[in-house]
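Single-letter residue listing:
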Amino acid sequence: MIPRFVRGVSNSLRWTLKDVPPRCTMVRLCSQLTGTSEGKHLSAKSTDDMPVTDMANPFEKEKPKCILCKYDVTPNYKNVKLLSQFVSPFTGRVYGRHITRLCKAKQNLVEREILKSRNCGLMPYYFKQPYLMKDPKLFDPENPLRPHRF
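Structure report, in brief. (Residues numbered from 1 in each chain as written. Predicted model: local features only at pLDDT ≥ 70, side-chain atom pairs only at ≥ 80, totals over all residues. Heavy atoms only, no water.)

### Digging into the overall build of the protein
No. 1: Of the regular secondary structure elements, the protein holds 7 helices and 0 strands.
No. 2: If you list the helices and strands of the protein from N to C, you get α-α-α-α-α-α-α.
No. 3: Burial analysis of the protein (150 residues in total) assigns 26% to the buried set.
No. 4: Carbon and sulfur atoms make up 57% of the accessible area of the protein, which totals about 12300 Å². (Helix = DSSP H or I, 4+ residues; strand = E, 2+ residues; numbered from the N terminus. Buried < 20%, exposed > 50% of the residue type's maximum accessible area, 1.4 Å probe, protein only. Areas by Shrake-Rupley, 256 points an atom, 1.4 Å probe, with all protein chains shown as cover.)

Structure follows, in structure tokens:
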């Protein structure tokens, strides 16, 4: 026997309270449609189809690390060769974060260590020492993250 709500289905599917069948009829009808026995609930089958919640986002970009954090380097005022790479060779200015791509903590530490090194007389204030001009580049000052004045 076909239940009342299936017989009277129209395109608009207007249901009233009297057309809703009892729960036992719904379970029987659903079990016939899905091929499960009447005793099994549909909730167990539908949980296999649910999205995974504990999986990491596959589309999330990897967070970039600064080069000093990446290799676990702590700048020191006595390491002039490292500190001179964060200083402009022509003006003596310390490059900003948008050029060096350092994190905020390491950028502040580099600036403090450069100041200490200059006060101790290990680093010049204006020009880079000639023997340090051929050091490998840690970053490209001509290609900053955002444009700058100079």
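Next comes the rest of the write-up.
### Here's the deal with unusual backbone geometry
No. 1: If you check the backbone angles, Asp 72 has positive phi at about 55 degrees while not being a glycine.
No. 2: Secondary-structure assignment places Asp 72 in the loop between α4 (67-70) and α5 (80-83).
No. 3: On the accessibility criterion, Asp 72 (67% relative accessible area) is exposed.
No. 4: Positioned with a positive phi, Arg 101 is a non-glycine residue whose angle comes to about 60 degrees.
No. 5: Along the chain, Arg 101 falls in the loop between α6 (97-100) and α7 (104-120).

### Details of α7
No. 1: Between the first and last C-alpha of α7 there are 25 Å, a value that for 17 residues agrees with the 24 Å anticipated at 1.5 Å per step.
No. 2: Listing the buried residues of α7 in full gives Lys 106, Gln 107, Leu 109, Val 110, Glu 113, Ile 114, Ser 117 and Arg 118. For α7, the buried positions fall inside an angular range of 170 degrees around the axis, keeping them on one side. Residues of α7 that are exposed and point more than 90 degrees away from the buried face comprise Lys 104, Ala 105, Leu 115 and Asn 119.
No. 3: Buried-residue contacts for α7 involve α4, α5 and α6.
No. 4: Within two residues after α7, Gly 121 carries a phi angle of roughly 90 degrees, on the positive side. (Expected span 1.5 Å × (residues − 1). Arc of directions from axis to C-beta. Contact = heavy atoms within 4.5 Å.)

### Details of a nonpolar patch on the surface
No. 1: A grouping of Tyr 125, Tyr 126 and Phe 127 is seen on the molecular surface, where their side chains present a nonpolar patch of about 410 Å² in accessible area.
No. 2: With respect to the helices, strands and loops of the structure, Tyr 126 is situated in the segment after α7. (Patch = residues over 30% accessible without salt bridge, like charges linked within 9 Å, V, L, I, M, F, W, Y side chains within 5 Å. Salt bridge = Lys/Arg side-chain N within 4 Å of Asp/Glu carboxyl O.)

### Considering the environment of Gly 92
No. 1: Examined against the element boundaries, Gly 92 turns out to sit in the loop between α5 and α6.
No. 2: Once the C-alpha coordinates of Gly 92 and Pro 124 are considered, the two residues, 32 residues apart in sequence, prove to be 7.9 Å apart.

### Focus: the side chain of Lys 106
No. 1: Along the chain, the position of Lys 106 falls in helix α7.
No. 2: A polar atom in the side chain of Lys 106 sits 3.3 Å from the backbone oxygen of Val 73.
No. 3: Excluding its chain neighbours within four sequence positions, the residues that come into contact with Lys 106 are Cys 66, Leu 68, Cys 69, Val 73 and Thr 74. (Polar contact = N/O pair within 3.5 Å; in protein donor to acceptor, adjacent residues only side chain to side chain.)

### Looking at the packing of aromatic side chains
No. 1: Within the structure shown, the criterion is met by 2 aromatic pairs.
No. 2: Centroid distance Tyr 95 to Phe 139: 5.5 Å. Interplanar angle 85 degrees. Geometry classified as edge-to-face. With Tyr 95 in the loop between α5 and α6 and Phe 139 in the segment after α7, the pair connects residues that are 44 residues apart, well separated along the chain.
No. 3: With a relative accessible area of 10%, Tyr 95 lands in the buried category.
No. 4: What links up through ring pairs into an aromatic cluster is the set Phe 86, Tyr 95 and Phe 139. (Phe/Tyr/Trp six-rings, centres within 6.5 Å; stacked < 30°, edge-to-face > 60°.)

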